[in-house]
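# What the coordinates show
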Amino acid sequence: MNLITVVTNNFDAFITVVVLIMSIILFIKNTIAPELTGLLCVGIFIATGVLSPEKALAGFGSPSLITLMGLFAVSSALFKSGALDRVRELISSESIKTPRKLISLIAFLIAPISGIVPNTPVVASLLPLIEGWCERRNISPSKVLLPLSFATLLGGTLTLLGSSVNLLVSDISQQLGYGALELFSLTSIGIPVWLIGITYMILVSEMLLPDRGMNKDFIRNGDMNIYFTEVTVPSASELVGQSVRNSRLQRRFDVDVLELQRNGKVILPPLADRKIEPNDRLIIRVTRADLFRLQQEHTILLGEKRRSYGVADVFSDDEGTKTFEALLPAGSTLAGASLRELRFRQRHNATVLALRRGQQTVQERLGQAVLRAGDVLLLQAPLDSIRGLQASNDLLILDQFEDDLPFLIKKPISIGIAIAMLVIPSVSNIPLVGSVLLAVIAMVACGCLRPAEIQKSIRLDVILLLGSLSCFSVAMQVTGLADLIAVNLNFALNGMPLYFALVVIFVSTVILTQFISNAASVALILPVAIEFSNVLEISPRALIMLVLFGASQSFLTPMGYQTNLMVYGPGRYRFFDIAKYGAGLTLIMSFTVPALIILNYG
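Notes on the structure in this doc start here.

## Considering the overall build of the protein chain
The secondary structure content of the protein chain amounts to 29 helices and 9 strands. Going through the 602 residues of the protein chain one by one, you find that 55% of them count as buried. Of the contacts formed within the protein chain by residues at least 6 apart in sequence, a portion of 79% connects residues at least 24 apart. Carbon and sulfur atoms provide 60% of the accessible area of the protein chain, an area that totals close to 24100 Å².

So, in structure tokens, the structure goes:
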């Protein structure tokens with residue numbers, strides 16, 4: 001039957017086609033946020049009667065979406081406990097001196113981690129560290145950052161937990177009656193894809209990755225989490241006797257030492273080979289998270305705090321004491337004077353832990369730094385002092401950070417819980433969603449995660465997008481559009497050998513994925529692709545896997561996947577840099593994945 005005739009004579013089919021076209025345009029133009037596009041489509045389907053509210057909203061209650069929400073919490077606990085500290089230390093190792101060695105480490109170590117932990121937080125955690133590695137070795141970030149994104153994409157197809165798209169495919173598969181995917185359903189294809197992909201990345205990186213040069217101000221100071229502060233090295237610190245270069249300040253943490261003060265004398269850079277001695281005072285550039293970690297481990301003491309105020313522990317967990325950020329607004333009476341001149345501690349009963357100043361470097365001692373409008377102070381104060389600051393026009397409270405200390409002693413427990421989460425579904429009848437939810441409860445019960453942090457860890461934009469997108473597949477099935485499109489496209493595949501037919505479907509998915517989100521491409525293509533199972537005489541599960549891996553090949557455009565966008569700016573890439581590096585990989589996968597599908601399901 002003619003597709004156009006059916007659409008014009010069937011109101012539900014007509015509405016579905018209009019919504020699909022509208023959503024594709026909105027996804028490509030990015031006029032509104034993708035999750036809002038998804039919610040708009042759900043609303044239209046319900047308002048026009050194409051789908052009942054139960055069917056349109058079924059995606060929000062799916063086991064896959066609940067699994068993803070739990071996985072966000074488990075990942076947060078792993079990062080908070082320092083589970084990736086060893087990885088960070090390996091990246092900063094002196095033995096990793098060339099881009100090829102770093103890319104090899106990323107390919108063989110970071111990619112498998114992305115099979116368990118969602119790739120976005122992995123990239124977010126390692127991006128500043130790799131930028132620091134590039135700066136110390138005077139290597140352009142463009143030579144190593146794109147492989148970081150690609151490696152996590154390849155690793156994301158090793159297990160069902162590696163990507164939110166995997167869980168969406170599992171959800172759609174179950175809704176269409178083909179059953180949910182299991183934890184290791186992807187692994188037999190994912191391992192060859194990963195090994196072939198990383199081999200390509202390592203071999204061609206030197207030739208195809210551009211050298212966009214260094215922009216130190218952009219790399220180091222563009223991070224809105226970078227603070228400047230003054231610290232003291234206690235006699236019991238493990239830094240004593242180590243050079244700045246070989247100390248854990250740079251091996252495990254991305255800390256820059258800007259100035260060293262010893263016995264009243266100032267020692268300026270270069271400081272890399274300078275040995276650290278007890279009671280040295282350092283002016284450092286550090287992220288807020290790393291500052292907390294170093295203080296908690298007694299590696300450093302906040303110098304101004306210890307010397308001037310004699311408080312036992314600036315990050316103490318005393319009841320009612322909070323750590324928060326405050327901005328000096330225009331017109332603040334604090335601007336133009338130093339903290340010491342203002343007697344800030346006595347005046348506001350609040351301790352300044354560190355200072356952040358936009359894109360500029362602050363190289364004065366913390367107490368002597370002259371405050372300016374726009375400065376952000378990292379403060380600690382009792383609740384009553386915070387209320388007093390909120391009532392003042394001199395400081396604007398940006399946020400309050402409660403109980404921010406990482407749980408370092410919980411690292412073995414959190415890793416053990418994560419491993420158990422993976423093992424339990426494989427050796428018992430407990431489904432994956434149950435295992436993940438039990439892992440979340442275990443993380444909270446063992447003190448690896450606070451209940452309030454569960455909500456903070458969940459990416460609401462991702463949940464809304466994935467929950468709404470499943471309505472596309474349901475609408476295409478209910479209205480019969482999936483069957484009709486498959487029939488009308490059958491002529492293109494008619495008589496074509498199975499392998500080449502799979503290549504066509506795979507490439508179609510890859511192309512669409514470059515311009516709209518991979519989740520959206522899955523929702524649009526999967527119901528149509530499954531209809532070819534009878535024509536091609538292959539199981540529906542094979543076509544489900546084909547579309548899943550096709551939607552994961554985001555190697556051609558920056559907007560193809562969010563990790564590409566995350567490295568695009570810091571790497572100073574141009575639009576076609578990604579296509580130049582990823583085209584060969586996409587071509588290889590276009591012929592490799594269909595062959596693996598036939599090998600596993602043919």
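## Some words on the side chain of Thr-299
One can find Thr-299 in the loop between helix H14 (288-296) and strand E5 (301-302). Apart from the residues within four sequence positions on either side, Thr-299 is in contact with Pro-234, Ser-237, Glu-238, Leu-239, Arg-248 and Leu-294.

## Some words on the packing of helix H11 (residues 187-208) against helix H29 (residues 575-601)
Interaxial distance between H11 and H29 falls to 10 Å at its minimum, and their mutual angle equals 160°. Here H29 runs roughly antiparallel to H11, going by the angle between their axes. For the pair H11 and H29, the crossing hand works out as right-handed. Residue-level contacts link Ser-188, Ile-189, Pro-192, Val-193, Ile-196, Gly-197, Tyr-200, Met-201, Val-204, Ser-205 and Leu-208 of H11 to Lys-580, Tyr-581, Gly-584, Leu-585, Ile-588, Met-589, Thr-592, Val-593, Leu-596, Ile-597, Asn-600 and Tyr-601 of H29.

## Let's talk about a nonpolar patch on the surface
A cluster of nonpolar side chains, Ile-32, Leu-36, Leu-39 and Leu-40, forms an exposed patch at the surface whose accessible area comes to about 290 Å². Residue position: Leu-36 is located in helix H3 (residues 34-47).

## Focus: unusual backbone geometry
Backbone geometry places Asn-138, a non-glycine residue, at a positive phi of 55°. Along the chain, Asn-138 falls in the loop between helix H8 (119-136) and helix H9 (145-155). Of note, Arg-343 is a non-glycine position whose phi angle comes to about 50°, a positive value. Within the secondary structure, Arg-343 is located in the loop between helix H16 (339-342) and helix H17 (344-348).

## What to know about helix H19 (residues 411-427)
For H19, spanning 17 residues, the distance from its first C-alpha to its last is 24 Å, which sits close to the expected 24 Å at 1.5 Å a residue. Regarding H19, the residues found buried are Ser-414, Ile-417, Ala-418, Met-421, Leu-422 and Pro-425. Residues of H19 that are buried make contact with helix H5 (63-80) and helix H20 (432-445).

## Some points on helix H24 (residues 498-513)
Count 3.6 residues to each turn of an α-helix, and residues three or four apart come out pointing the same way. For H24, built from 16 residues, the straight-helix expectation of 22 Å at 1.5 Å per residue is met to within 8% by its first-to-last C-alpha distance of 23 Å. For H24, the complete set of buried residues consists of Ala-501, Leu-502, Val-503, Ile-505, Phe-506, Thr-509, Val-510 and Thr-513.

## Digging into the pattern of salt bridges
Summed over the entire model, instances satisfying the criterion amount to 5 salt bridges. Two residues, Asp-577 and Arg-212, come together in a salt bridge whose shortest N-O distance is 2.7 Å. Residue Asp-577 is found in helix H29, and its partner Arg-212 is found in the loop between H11 and helix H12 (216-221); the two are separated by 365 residues along the sequence. The exposure class assigned to Asp-577 is buried, which follows from its relative accessible area of 6%. Of the charged contacts, one joins Glu-230 and Arg-281 as a salt bridge, the two residues approaching to 2.6 Å between their closest N and O atoms. Linking Glu-230 in strand E1 (residues 226-232) with Arg-281 in strand E4 (residues 281-287), this pair joins segments that are 51 residues apart in sequence. The same class applies to Glu-230 as to Arg-281, namely buried. Members of the salt-bridge network, linked through shared partners, are Arg-262, Glu-277 and Asp-280.

## Things to note about the pairing of strand E8 (residues 376-382)
Taken across its 7 residues, E8 has 6 buried, putting it largely inside the fold. The sheet contact formed by strand E7 (residues 351-356) and E8 spans 5 bridges and is antiparallel. Residue pairing in the sheet places Thr-351 in a bridge with Gln-380 of E8.

## Overview of the packing of aromatic side chains
The final tally for this structure, using the stated rule, is 5 aromatic pairs. Three or more aromatic residues joined by ring pairs make a cluster, and in this case those are Phe-150, Tyr-200, Phe-555 and Tyr-581.

Basis of the calculations
- Residues numbered from 1 in each chain as written.
- Predicted model: local features only at pLDDT ≥ 70, side-chain atom pairs only at ≥ 80, totals over all residues.
- Heavy atoms only, no water.
- Helix = DSSP H or I, 4+ residues; strand = E, 2+ residues; numbered from the N terminus.
- Buried < 20%, exposed > 50% of the residue type's maximum accessible area, 1.4 Å probe, protein only.
- Contact = heavy atoms within 4.5 Å.
- Areas by Shrake-Rupley, 256 points an atom, 1.4 Å probe, with all protein chains shown as cover.
- Axes fitted to C-alpha atoms, helices over the stretch in contact; angles between N-to-C directions.
- Parallel < 35°, antiparallel > 145°, perpendicular 65-115°, else oblique.
- Left-handed = near helix turned anticlockwise from the far one by under 90°.
- Patch = residues over 30% accessible without salt bridge, like charges linked within 9 Å, V, L, I, M, F, W, Y side chains within 5 Å.
- Salt bridge = Lys/Arg side-chain N within 4 Å of Asp/Glu carboxyl O.
- Expected span 1.5 Å × (residues − 1).
- Pairing = 2+ DSSP bridges.
- Phe/Tyr/Trp six-rings, centres within 6.5 Å; stacked < 30°, edge-to-face > 60°.

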